[in-house]
Amino acid sequence: MTVTGSHIYIDKQSPSAYRALGGVATAVADVARDAELPRVLVELINLRVSQINGCAFCLELHSRRAIAAGETVQRIATLPAWRDTELFDATERAALRLAEICTDLPSHDLQEIDYERARENLTDDQISAVIWVAIAINAFNRVSILSRHPVRQ
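In the annotation of an unreviewed UniProt entry, the entry for the protein chain reads Alkyl hydroperoxide reductase AhpD, and the organism field reads Williamsia phyllosphaerae.

See the structure below:
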């Protein structure tokens, strides 16, 4: 068992469950690729969900991955305010909207409005992929947050 403070690393404590989550992540990556979601967009989704959840470990990891995929520091820095900029195109905005409703679970009416707006710019395969990416990163955020995974330099 690995312990940090009073928290155990649940990924180390229950490795078979964590491996299964890793399998989900692999399947989700395949779904995103098949739906032709650019890697940069997948990382934007991972970042936005991790921002909402406050997962420092995942923010650091996916910031690096986004930059490696070609994302700019400017867009990463303004991601929390994506609605207030013109830096994100219609497809990215639709994906971010879906990712946010998967994470915040707003009222039914707000979910429906954002979902319908997303449908204007995403195919059915892309909608499914975005939702799966958001579900997967939400799960990883919870593993890291509840385990208190540290961000290392």
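Visitor: For this particular structure, what's the right way to read the packing of helix H4 (residues 56–68) against helix H8 (residues 124–147)?
Guide: Angle between the axes and distance between the axes: these two values describe a pair of packed helices. As a packed pair, H4 and H8 sit with axes 8 Å apart at the nearest point and diverge in direction by 125°. For the element pair H4 / H8, the angle class is oblique. Residues Phe57, Cys58 and His62 of H4 form the contact with H8, whose own contacting residues are Ile137, Phe140, Asn141 and Ser144. For the contact of H4 with H8, the residue count by class is four nonpolar, three polar and no charged.

Visitor: I keep staring at the environment of Ala69 and nothing clicks. Help me out?
Guide: Take Ala69: it is sitting in the loop between H4 and helix H5 (73–78). Exposure remark for Ala69: the relative accessible area of 30% places this residue in the partly exposed category. Counting along the chain gives 31 residues from Ala69 to Pro38, while the straight-line C-alpha distance between them is 9.1 Å. Excluding residues within four positions of it along the chain, Ala69 makes contact with Arg39 and Val40.

Visitor: Hey, could you run me through helix H6 (residues 90–104) in this one?
Guide: Two residues of an α-helix separated by three or four positions point the same way, owing to the 3.6 residues in each turn. Taking 1.5 Å of rise per residue, 15 residues should cover 21 Å, and H6 covers 21 Å from first to last C-alpha, within 8% of that figure. Taken together, the buried positions of H6 are Glu92, Ala94, Ala95, Leu96, Arg97, Leu98, Ala99, Glu100, Ile101 and Thr103. If you follow the buried residues of H6, they end up packed against helix H3 (39–53), H5, helix H7 (108–119) and H8. Of the residues flanking the end of H6, it is Leu105, one or two places downstream, whose phi is positive at about 45°.

Visitor: Looking at this structure, how should I read the pattern of salt bridges?
Guide: If charged atoms from side chains of opposite charge come close, those side chains can pair. On inspection of all chains with the given rule, the structure shows eleven salt bridges. A salt bridge links Arg33 to Asp34, with the shortest nitrogen-to-oxygen separation between them at 3.4 Å. With a relative accessible area of 52%, Arg33 lands in the exposed category. We classify Asp34 as exposed; its relative accessible area is 54%. The partner of Arg97 in a salt bridge is Asp114, with the nearest N and O atoms 3.7 Å apart. Here Asp114 lies in helix H7 and Arg97 lies in helix H6, a separation of 17 residues in the sequence. Given the relative accessible area of 7%, Arg97 is considered buried.

The rules behind the values
Residues numbered from 1 in each chain as written. Predicted model: local features only at pLDDT ≥ 70, side-chain atom pairs only at ≥ 80, totals over all residues. Heavy atoms only, no water. Axes fitted to C-alpha atoms, helices over the stretch in contact; angles between N-to-C directions. Helix = DSSP H or I, 4+ residues; strand = E, 2+ residues; numbered from the N terminus. Parallel < 35°, antiparallel > 145°, perpendicular 65-115°, else oblique. Contact = heavy atoms within 4.5 Å. Nonpolar A, V, L, I, M, F, W, Y, C, P; charged D, E, K, R; others polar. Buried < 20%, exposed > 50% of the residue type's maximum accessible area, 1.4 Å probe, protein only. Expected span 1.5 Å × (residues − 1). Salt bridge = Lys/Arg side-chain N within 4 Å of Asp/Glu carboxyl O.

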